[in-house]
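Spelled out from the first residue to the last, the chains are:
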Amino acid sequence: MENVKFEPPLVTETKSEQGSGGYELAQSWGLEDGEHIHTDEAQGAWEGDKTLEQGVESPRETLPIGAPPLPPKPASSTPSPTSDDGESPNVDNLADYMGTLVAGSNPPTEESLPPALPPKQKYKGENGEVPNGGVSTGVEPPQVPPRPKKRGEKEKKASPQTTLLNGLPPTPKVHMGACFSKVFNGCPLHINVTASWNHPTTKEQYIILGAAEGIYSLNLSEIHEGTMELVHPRKCIWMYVIKDVLMSISGKTQHLYRHDLIQIHSKQTNRFSLPVSYVGKIPEKLMPRRLNPSVKVNDTKGCVRCCVGRNPYNGYKYLCGALHNSVVLMQWYEPLNKFMLLKQFECPLPANILTFEMLITPELEYPMVCVGVSRGHDRHHLKFDIINMNSSSSWFTDQTGSGVAYLDVVNVTQLEKDSILVCYDNFVKVVNMNGRLKSSRRQAAELHFDFKVESLVCLQDSVLAFHKHGMQGRSFKANEVTQEISDRSRIFRLLGFDRSIVLESRPTDEPDANSNLYVLAGHEATY
């Protein structure tokens, strides 16, 4: 804006009434916002004000200040009285700057004035505002520094991708990618069953081994040490891990036991527990119940088979146990972190229970238990012997005392609401609750193998069938081989498949030698 020159102001009248403040000087000249004056006129006003501090007597010194000073503005937004082009002062900025003076202070000089701010650049601030009205100054905006990542993100990127099994090399889950990874060499135990458990504090993964010599744990993070830790000194034939609690069928006279895994694997003991070294040395009858990490479950003497299942329709978890002449039903109670007894049925059971698995339907509150599978009237039909835990009296679909020949069933797994997988001999069949073979266009309802299946593991869309010298996987969609491992020089046996598929192997020419323990990797998660 061009400079505008006005008529000489009435300086003497302004001095006699209001004093020498710069704010009143600007108002007496009658300037509006955005207008400028010549430098010589502004300099004259400065020189006239300087007489206040040079010791010249003036009647204005005995008069009170007419108006209180304006409050100071923030330093970041304090304007400079000099214009950007350096030719003449900006009256608006000068008035704002002079308005902050107090009585007895010297007016600012050119040396004491703050330096002019650099030209603002066109870029968006933190709140999305565009400084300087969006006017481009020709200077490139500085690059915004990258946003610092959170601590969790850095640790996640820096840490290598961990596998489900700590201490084992990762194996890609691809077609024909399964392999056996050795975790223990020369194990002298006679293992019956295995289970997996992750420590909630240390995140270490353990394989719990149930053997004739007792229950042992193998830390997969310390495979190089080649040692196992004793958990319970009694024989074990079945186990299941739930919420840091190990349920097992143990003892010479078999009972259902409950083991606190955190207390057993604790490195430091407190006044309410005993050191792990004393486990097994003090008789259970002499040890207080609250100090013993392994306790018997009441009324479970003579338990021979157990199964655990979850009802997806109500979220409850159940445990069924088969005694000599009765079946007990328990439900997991979260506040107490243990199974509580619900029902006990007095009913006859087969002398040799080959099958003991839960079957759950949405119409019934409690599960049913399958205790046997037999052939139907044709090859496409099977018959289930079921105990209904919802009835006031026990009943079977077919009475067990009728002399029915049960099949040597390897596996019974409920896949869906009305789909049950049954494996026996070299067949794998998918039937409904009535035992009728299910026909589907998407997947095959029956698979055939070239060998007798000894153990079976269900995957998402296929199965892994284990035989004496290895295993073979087949898909339900195309009935094609997806995985296959075979070694005629060794004898393999499946031990457990809850989270980790654990196997043992011995030389074919030395079946009584110490075994090697393996973990199957490179396959998809099981049901």
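Residues numbered from 1 in each chain as written. Predicted model: local features only at pLDDT ≥ 70, side-chain atom pairs only at ≥ 80, totals over all residues. Heavy atoms only, no water.

## Observations concerning the nonpolar core
Then step 1. Cys-320, Val-327, Leu-349, Phe-356, Ile-387 and Met-389 are the most contacted members of the largest nonpolar core, which totals 17 residues.
Then step 2. The set of elements that each furnish at least two residues to this core consists of strand 11 (317-322), strand 12 (326-333) and strand 15 (368-375).
Then step 3. It is strand 11 that provides the largest number of residues to this core, a total of three residues.
Then step 4. Once residues within four sequence positions are removed from consideration, Cys-320 is found in contact with Arg-305, Cys-306, Cys-307, Val-328, Leu-329, Phe-356, Met-358 and Val-369. (Core = buried A, V, L, I, M, F, W, Y, C linked by side-chain atoms within 4.5 Å. Buried < 20%, exposed > 50% of the residue type's maximum accessible area, 1.4 Å probe, protein only. Helix = DSSP H or I, 4+ residues; strand = E, 2+ residues; numbered from the N terminus. Contact = heavy atoms within 4.5 Å.)

## Some points on the pattern of salt bridges
Then step 1. Scanning all chains against the criterion turns up three salt bridges.
Then step 2. When the shortest N-O distance is used, the salt bridge between Glu-504 and Arg-493 registers 2.6 Å. A residue pair is termed long-range when its members are at least 10 positions apart, and Glu-504 in strand 26 (residues 502-507) and Arg-493 in strand 25 (residues 490-496) qualify at 11 residues.
Then step 3. Using a relative accessible area of 2% as the deciding quantity, one classes Glu-504 as buried.
Then step 4. The partner of Arg-506 in a salt bridge is Glu-504, and the shortest N-O contact between them spans 3.0 Å. The exposure classification of Arg-506 matches that of Glu-504, with both residues buried.
Then step 5. Several salt bridges share partner residues, and in doing so they unite Arg-493, Glu-504 and Arg-506 into one network. (Salt bridge = Lys/Arg side-chain N within 4 Å of Asp/Glu carboxyl O.)

## What about a nonpolar patch on the surface?
Then step 1. On the surface, a nonpolar cluster with roughly 270 Å² of combined accessible area is contributed by Tyr-333, Leu-336 and Met-340.
Then step 2. Tracing the backbone through its elements, the reader meets Tyr-333 in strand 12.
Then step 3. Taking the relative accessible area as the measure of exposure, Tyr-333 reaches 41% and is therefore partly exposed. (Patch = residues over 30% accessible without salt bridge, like charges linked within 9 Å, V, L, I, M, F, W, Y side chains within 5 Å. Areas by Shrake-Rupley, 256 points an atom, 1.4 Å probe, with all protein chains shown as cover.)

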